[in-house]
Each structure stands twice: as structure tokens, then as C-alpha cells.
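# A structural walkthrough
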Amino acid sequence: MTTFFQSTIQSLATELFKSYDSYKASGIVSSRFTQAEMLQWLHPFIDQHVFEKSVLGTSAEGREIALYSMGDGSAKVLIWSQMHGDEPTATMALMDIFSFFTKNPEHIAAKTIREKLTLLVIPMLNPDGAERFTRRTAQMIDMNRDALALATPEAKILKNTRDTYQPEYGFNLHDQEPRYTVGTTQKITAVALLAPATDVSRGDNSVRLRAKRVASTLAQVLNLFIPENLAKWDDTFYSTAFGDNIQKWGTSTVLIESGGWRGDSNKFFIRKLNYIGLLVTLYAIAVGESSKADVAVYEKIPFNMKLGCDYIIRNAVLKASNQTVSVRVDIGINFDKRINVLTGQMDDYATIMEIGDLSAFTALEKEVNANGGELDADLIKIDHSFSAGKIELLLKRM
Ligand SMILES: [Zn+2]
């Protein structure tokens, strides 16, 4: 027997995957962008009355934070992205979704979502953080630990919006470090989900159960494209986090974390997965299908584990001049961009994160087999950072 999921949801997901390039928002060339750039992308959608814009307030530095609402259905869905300024992937996907509604207003998914749901979207909740590409707000606060104190104007805006509209559903959109793995499978996590707990006992009430069904629906969609790269977060209750509290306040909330993908530093593929996953899941909610989803699909997703790094040198020999014996080691290295204090320029740095047996680890960028080659012991120090261009010097003959 063919289920509704297999016949309708699956074919919608496949269609959106294939047609993505013609429907996506144009003009996004990098995942590093400011609010001013995002507002430029939003302009054509405003001109075409795709949504209604209402100003919710301003950030600590006076940047406008707005709600973009669409549809007039009875079930309300609140979607917010980039409460951490350096987590832009889902914001790009939201632009794609707006673009889809602009270019395809008569598409069955667009029509059904508009008829049955009211979408309440806050893209880039932390525009000051986005300006600096940092996690925290301009007042150096992690907004995701400000759900109860509401010290920041941005957190107040999110709380007020939730309380004003009392949405049945919520999507809390983030990026996670790209080096997480799906359990111990040595597969990089592309997307991680969570239906957050509402208290320390982590039991299911009806609100969380509904969120788990939404997460199961989303997981079934994502499993079509990334069956080995979907993980879930453990559900430890964070008393001051937004996802946990919004769930507690009665909005069935799913956290979506955009992870990593080999060779895709802008995360455009994961942006596409967000676009398809959100659109199809919204459609499933609209037609009443997500409430039938099997919670076991969500429960069975492997946990996110931190068993990845950017670069691994395997099977090398390490011996310092003052040591009597050598050791066989793998070296795990991560890259990051930082300001070079000497030049004031952004430079690529490498940091040695782990030394030892990394057989359980996988590398996001590259793995090198040293075949017993000797490391330059003077350069191998845990947590040691150096210019990424010098990585070849770690092995004496690389
Ligand atoms: Zn985040």
C-alpha cells in the first residue's frame, strides 16, 4: 500500500529538489552577508506583496527587526532564523522560500500553505551579530540564553511575538559547527534536529509530542536526500534557552541545525535542504499529515557526536629529541579565520585539536595518510595555532 507520505510528500520533495535552481532567491553569492544585503533580497518580494511586513522593534544598535507574514490559515507557524549572528544558512533558505511563493503563487504547495497556515517569519533576529558575523548580540549576550531574563531587545521581540500570536508551531533555525558526525558512523552531520524538552524530566506532553511528529515528518523528507547525514541533538533541558521555553509556553517547536557538507563552505546545499525540508513539512502540517507521523522516525535518528575535524594526518610517527621512544599518532586539525594582529587582515589559521588514535574520527576537508612518516615534533603541540599555509611542514617529508 502506498502511503500519503510516499505518494504526495515524497513527490513534492523530489520536485522541489529538481526545480530548486529556477525557484531559489537570486543574488546570494556568499553565506556571509549583512542585514542591509538581506533587505535588498527582500525588496522584490515586498513589491510583489508576497507577505505583509510589520516592524517588531529594533536591535540594540537600532536595526529594524521585522515580521514577514503570509497566508490566512487558522494554524499559525512562527519561524525565526539567525538569533546567532554567525548562523546564516536558514536565513538564505527563507529567502528561497519567499522566492518560491513569489514565482509560484499557484503551486499546490504554495496555495495550500497560504490557505491553511499563517506563516510568521522573522529572518535574522540578531542583525547586529550578523553585521560582525558573531554569535552574540551587540551587547555580548547569547540570545539563546536570554529567554527568561529577556535582558536584550532582540529576545523581548521574540517573546512578545510568540505571546501575541500564540502560534501552534515553531521552527528555531540555527547553524552548528560543521564537524559534528552522525553518531559513530564517521558521516558528517548535514542537518541535526531536536524537539526540545519542556523540563528536566524530558517527558512528552502534547505540545512536545506534536513537535516530535513535525520532526519525524521533516526527517522523512531529509532522509530522501541525506539518509546518512541526519542527526539529532540530545534533549538535555536548557532552562534559559528559547527552543525549550517556547515549547514550554505551548508552541510545538523544532530546532533545525545546519551542519557541514564536504566542499561546500557556503553551505548552499544545506540551505537547499532547509528550503525543501521546511516547505514540504509546512505542506504536511497544512494537509494534516504531520499529526499522523510516526514519532519513532524521530526517536531513531542517531545522536550528534563531535567526531569530526577539518584535516587529519593519519599514521605518523612522533618523537621529540628529548624522548627515548617514538609514538604512532594521528593528528586532528581544525581551520578557522581570524584577524592577524600583525597585518590586521583576516587570515586562515590551523589549530591542532587532537593527537593520538583518531580511527573513530572523520575529516570534513582532507585526510592524509603519512604511511609512518615522521612529524616535526617542534610543531606538534596540542591547541597550537599556526598559519594554515604551513600545514605541509608538520610532516618532515609530506
Ligand atoms: Zn545557534
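The coordinates are above.
Counting 74 residues, the largest nonpolar core has Phe-101, Phe-171, Val-191 and Tyr-275 as the members making the most contacts within it. Counting residues per element, this core draws most heavily on helix α9 (residues 268–286), at 13 residues. Residues contacting Phe-171, with those up to four places away along its chain left out, are Val-77, Leu-78, Ile-79, Trp-80, Val-214, Val-254, Ile-256, Leu-278, Thr-281, Leu-282 and Ile-285.

Moving on: the coordination of the zinc ion. Protein coordination at the zinc ion comes from His-84 (ND1), Glu-87 (OE), Glu-87 (OE) and His-174 (ND1), with a distance range of 2.0 to 2.6 Å. Mapping the donors of the zinc ion onto the primary sequence gives the spacing H-x2-E-x86-H. Here His-84, found in the loop between β3 (75–81) and α3 (89–103), pairs with His-174, found in strand β5 (residues 169–175); they are 90 residues apart in sequence, far enough to count as distant. Overall, His-84 belongs to the buried group, its relative accessible area being 2%.

Here the focus is α9. Residues lying three or four places apart along an α-helix face the same way, a consequence of the helix completing one turn every 3.6 residues. With 19 residues, α9 extends 27 Å between its outermost C-alpha atoms, agreeing within 8% with the 27 Å of an ideal straight helix rising 1.5 Å per residue. The element α9 is largely enclosed, with a buried count of 18 among its 19 residues. Note on α9: the residue one or two positions beyond its end, Gly-288, has a positive phi of about 80 degrees.

Given a rise of 1.5 Å per residue, 13 residues ought to cover 18 Å, and the 18 Å separating the end C-alpha atoms of helix α2 (residues 35–47) matches this to within 8%. At Trp-41, α2 shows its largest kink, close to 30 degrees, and the proline Pro-44 lies no more than four residues downstream. Along α2, the positions that sit buried rather than exposed are Gln-35, Met-38, Trp-41, Leu-42 and Phe-45. Where the residues of α2 are buried, they touch β2 (64–70), α3 and α5 (127–132). One or two residues past the end of α2 sits His-49, with phi positive at roughly 55 degrees.

What counts and what doesn't
Residues numbered from 1 in each chain as written. Predicted model: local features only at pLDDT ≥ 70, side-chain atom pairs only at ≥ 80, totals over all residues. Heavy atoms only, no water. Core = buried A, V, L, I, M, F, W, Y, C linked by side-chain atoms within 4.5 Å. Buried < 20%, exposed > 50% of the residue type's maximum accessible area, 1.4 Å probe, protein only. Helix = DSSP H or I, 4+ residues; strand = E, 2+ residues; numbered from the N terminus. Contact = heavy atoms within 4.5 Å. Donors = N, O, S within 2.8 Å, 3.2 Å for Na, K, Ca; no water. Expected span 1.5 Å × (residues − 1). Bend = angle between axes of the 7 residues up to and from the residue.

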